[in-house]
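Here's the letter readout for the chains.
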Amino acid sequence: MSSETVVSTETARTEAGTARITWHHAARPRLVLAVSHGAGGGIEARDLQALAAVLPAYGVSVALVEQPWRVAGKKVAPAPKTLDTGWRGIWPAVAAPGLPVISGGRSAGARVACRTARELGAHAVLALSFPLHPPGRPERSRAAELLGAGVATLVVQGGNDPFGRPGEFPAGGYELVEVPYGDHGFAVPKRAGVTGEQTLETVTAGVVRWVASLG
């Protein structure tokens with residue numbers, strides 16, 4: 001983490017319960033990235049932590065958002081509409097600095113970001129490991145959520161993600177960064193000859209380039 005990065009935590013009351021926001025503040029911010037976790041983990045996910053460590057040096061304050069169900073200690077995520085309610089509830093806090101806000105998330109959190117982006121006035125969407133379909137069920141596509149985001153969108157997707165490999169994604173007005181050999185959590189097999197650190201660098205470098213293009 002950059003020595004210039006200041007970390008702070010706040011809670012936000014939502015109609016779905018109390019959420020928690022861990023801020024990694026940029027010294028001279030021009031954007032905020034509000035990013036949440038998936039249905040099977042929290043903000044300790046390696047990619048979320050890597051983005052929080054890297055982006056403040058590029059003028060992006062990162063707000064790692066824990067949905068109310070995680071704060072309450074529950075093991076199973078609620079229905080999508082409840083996740084959306086929680087995300088709407090934290091929005092005033094992440095928008096409070098008065099900067100453009102990139103709405104982001106990994107897996108289920110990416111779906112939330114896409115579904116609510118237009119409504120909340122998000123500047124852009126960052127979708128990490130977008131779950132295009134359940135594993136082995138490509139006919140149950142969630143492409144409409146991604147294509148309906150309505151703002152500039154970056155998908156960062158593992159090359160071997162069982163929830164949707166890059167080649168399965170439909171054409172559309174979004175960018176996609178492939179993480180070679182990565183699974184849904186961006187883990188790579190030892191035989192790939194790529195380290196976990198190199199994989200995270202692929203993720204962060206792709207996001208840094210995209211953020212710079214947003215203006």
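For the structure, see preceding data.
Residues numbered from 1 in each chain as written. Predicted model: local features only at pLDDT ≥ 70, side-chain atom pairs only at ≥ 80, totals over all residues. Heavy atoms only, no water.

A. Looking closely at helix α1 (residues 46-54). Among the residues of α1, Asp 47, Leu 48, Ala 50, Leu 51 and Ala 52 are the ones counted as buried. Where α1 is buried, its residues touch β2 (17-25), β3 (31-36), β4 (60-66), β5 (101-106), β6 (124-128) and α6 (196-214). (Buried < 20%, exposed > 50% of the residue type's maximum accessible area, 1.4 Å probe, protein only. Helix = DSSP H or I, 4+ residues; strand = E, 2+ residues; numbered from the N terminus. Contact = heavy atoms within 4.5 Å.)

B. Looking closely at the layout of surface pockets. One number sums up the size of the largest pocket: a volume of about 390 Å³. What lines the largest pocket is a set of 23 residues, among which Gly 38, Ala 39, Gly 40, Gly 41 and Ser 107 lie closest to the centre. When contributions to the lining of the largest pocket are tallied by element, the ones reaching two or more residues are α1, α3 (80-95) and α4 (108-120). A per-class count over the lining of the largest pocket returns nine nonpolar, seven polar and seven charged. (1 Å grid on protein atoms, 1.4 Å probe; cavity = no way out; pocket = protein on both sides within 12 Å on 5 of 7 lines; lining within 4 Å. Points joined across faces, edges and corners; volume = space filled by probe spheres on them. Nonpolar A, V, L, I, M, F, W, Y, C, P; charged D, E, K, R; others polar.)

C. Expanded view of unusual backbone geometry. Even without being a glycine, Ser 129 presents a positive backbone phi close to 50°. Take Ser 129: its relative accessible area is 0%, and that puts it in the buried class. Positive phi values are uncommon outside glycine, yet Phe 186 reaches one of about 65°. With respect to the helices, strands and loops of the structure, Phe 186 is situated in the loop between β8 (175-179) and α6. The exposure class assigned to Phe 186 is buried, which follows from its relative accessible area of 0%.

D. Structural context of the nonpolar core. Counting residues in each nonpolar core, the largest one holds 34 residues, and the members touching the most others are Ile 21, Trp 87, Ile 90, Val 94 and Phe 130. Listed by contribution, the elements that provide at least two residues to this core are β2, β3, β4, α3, α4, β6 and α5 (143-147). Looking at this core, the element that brings in the most residues is α4, giving seven residues. Sequence-distant contacts of Ile 90, that is, excluding residues within four places in its chain, are made with Ala 12, Thr 14, Ala 19, Ile 21 and Val 65. Of all hydrophobic cores here, the second largest spans 27 residues; its members include Leu 31, Leu 126, Val 207 and Trp 210. (Core = buried A, V, L, I, M, F, W, Y, C linked by side-chain atoms within 4.5 Å.)

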